[in-house]
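# Geometric and topological summary
Residues per chain are reported as follows:
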Amino acid sequence: MAVTTGRIHSWDLSTGVDGPGTRFVLLLGGCPLRCLYCANPDTWHMRDGREAPVEEVMAEIERYRAFVTTAGGGVSITDGEPLLHPAFTAAVLRRCKELGLHTALDTSGFLGGRATDALLADTDLLLLDIKSFSSETYRSLTGGELTPTLDFAARLDRLGVRVWIRYVLVPGWTDDRQAVEGLAHFVAGLGNVDRVDVLPFHKLGASKYEALRIPFPLSDNPVPEPALTERVREQFREQGLTAY
């Protein structure tokens, strides 16, 4: 039988960030987008990581199985883009489900077409990053197109996959009231969204850009004021959504 491998950047434990409870977080290397606010430029390329078989990853997960289960958590697969490694991601999710672990997948949805129905059936929670509801802004902000993500969101709804929406709030980029209103209306029309996380833009990844000797595009961009963050959250709440 062929050995399924993926490009592993790293793994870590987190609480309250990558899904419910304490999570074993598996970070993969490679991403098709180049978000101007990206905090992890060290995961952009397929070379940003090492080739590892599913068995090695599962052995590491097994070490933390009792701990994350007791803490109400599970396993999350994230950075850069897990769906660049669909077979590997699917295999890890399947094995985690066989162990009785809660599974979460963090994706932009840009490569949603690569996710099989079987992969999604093994995903208890999908963290869907919708970067902007303006096609023009999305393109300028990420270098990609918005439509694949919206199509993927609709497909997740049809399949009944539970979703948390993630929306990074960047002043001057993703704070347009009309665009937020459009996204809130779209998300409210889905029947599978449990919550919306409005994530204030930060510059914690600036040192990584410096270490890689590449410019941080939004180094001079302000971070959002608390009042702006609350305004955007309230726009989602006005559509009947739970927003944090």
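All of these numbers come straight from a predicted model, not from anything done at the bench. (Residues numbered from 1 in each chain as written. Predicted model: local features only at pLDDT ≥ 70, side-chain atom pairs only at ≥ 80, totals over all residues. Heavy atoms only, no water.)

### Details of the packing of helix α6 (residues 177–188) against helix α8 (residues 226–237)
- In the contact formed by α6 and α8, the axes pass within 9 Å of each other and the chain directions differ by 35°. When you trace α6 past α8, the crossing you get is right-handed. Of α8, the residues touching α6 (which contributes R177, V180, E181, L183 and A184) are R231, V232, Q235 and F236.
- In terms of residue class, the contact of α6 with α8 is built from 5 nonpolar, 1 polar and 3 charged. (Axes fitted to C-alpha atoms, helices over the stretch in contact; angles between N-to-C directions. Helix = DSSP H or I, 4+ residues; strand = E, 2+ residues; numbered from the N terminus. Left-handed = near helix turned anticlockwise from the far one by under 90°. Contact = heavy atoms within 4.5 Å. Nonpolar A, V, L, I, M, F, W, Y, C, P; charged D, E, K, R; others polar.)

### Observations regarding the pattern of salt bridges
- Summed over all chains, the structure comprises 17 salt bridges.
- For the salt bridge of R95 with E55, the shortest nitrogen-to-oxygen distance reads 2.8 Å. Taken together, the residues span a long stretch of sequence, with R95 in helix α2 (residues 86–98) and E55 in helix α1 (residues 54–70) at a distance of 40 residues.
- Among the charged side chains, a network of salt bridges with common partners joins E55, R94, R95, E98 and D122. (Salt bridge = Lys/Arg side-chain N within 4 Å of Asp/Glu carboxyl O.)

### Quick word on the side chain of N40
- Locating N40 in the fold gives a position in the loop between β2 (22–28) and β3 (50–53).
- One polar contact links N40 to D79, side chain to side chain, over a distance of 2.5 Å.
- A polar atom in the side chain of N40 sits 2.6 Å from the side chain of K208. (Polar contact = N/O pair within 3.5 Å; in protein donor to acceptor, adjacent residues only side chain to side chain.)

### Things to note about α2
- Taking 1.5 Å as the rise per residue, α2 with 13 residues should run 18 Å; its terminal C-alpha atoms sit 18 Å apart, in good agreement.
- Along α2, the positions that sit buried rather than exposed are F88, T89, V92, L93 and C96. All buried residues of α2 lie within an arc of 130° about the axis, which places them on one face of the element. Those residues of α2 that are exposed and aimed more than 90 degrees away from the buried face are A87 and E98. (Expected span 1.5 Å × (residues − 1). Buried < 20%, exposed > 50% of the residue type's maximum accessible area, 1.4 Å probe, protein only. Arc of directions from axis to C-beta.)

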